[in-house]
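Structural overview
Letter by letter, the chains look like this.
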Amino acid sequence: MANLQEYPRTREDSNISKIIVDRELCIAAVSCIAAADTTFELDGENIVIVKEGGANAADDATLLLAAESCPTKAIFLVDKEGTQVFPK
């Protein structure tokens, strides 16, 4: 069963309304941190989380790049209509 951590996003210039991290899929490859270090960091268990205030830090293109860089597709992006935009 997935261990999903949801992070709402309220950035007005964004079509992405939510970032979801599947903690069971994350292998701490840190490619997402390399792509969006203002948004992601490792927690004490070496699992990626969204930083405090980080959900709104990066633009949509940067978030998509970070999610696409994850080798296990542990990062999900959801748009304002509730549709999962990544992974499709």
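Summarised in this report is the structure supplied together with it.

Criteria and thresholds
Residues numbered from 1 in each chain as written. Predicted model: local features only at pLDDT ≥ 70, side-chain atom pairs only at ≥ 80, totals over all residues. Heavy atoms only, no water. Helix = DSSP H or I, 4+ residues; strand = E, 2+ residues; numbered from the N terminus. Contact = heavy atoms within 4.5 Å. Buried < 20%, exposed > 50% of the residue type's maximum accessible area, 1.4 Å probe, protein only. Pairing = 2+ DSSP bridges. Axes fitted to C-alpha atoms, helices over the stretch in contact; angles between N-to-C directions.

Let's talk about the environment of Y7
Its location among the elements puts Y7 in strand β1 (residues 4-8). Residues Y7 and A36, spaced 29 residues apart in sequence, show a C-alpha to C-alpha distance of 15 Å. Once you skip the residues sitting within four places of it in the chain, Y7 turns out to touch S17, K18, I19, V21, I49, V50 and A55.

Here's the deal with the environment of N15
Position of N15 relative to the elements: it lies in the loop between β1 and β2 (16-22). By relative accessible area, N15 is classed as partly exposed at 40%. Sequence separation between N15 and V85 is 70 residues, and the spatial gap between their C-alpha atoms is 9.8 Å. In contact with N15, other than residues within four places in its own chain, are D60, V78, D79, K80 and E81.

Some thoughts on the sheet that holds strand β6 (residues 84-86)
One open sheet accounts for 4 strands, arranged β1-β2-β5-β6; its pairing is antiparallel. A single partner strand is all that each edge strand has here, and the edge strands are β1 and β6. Pairwise comparison of adjacent strand axes, ignoring direction, gives a mean angle of 30° for this sheet. Summarising the sheet, β1 and β2 pair through 5 bridges and their orientation is antiparallel. From the neighbouring strand, P8 faces β2, where its bridge partner is K18. Contacting β2, β5 (75-79) and β6, helix α2 (residues 60-69) crosses the sheet at an angle of about 145° to β5.

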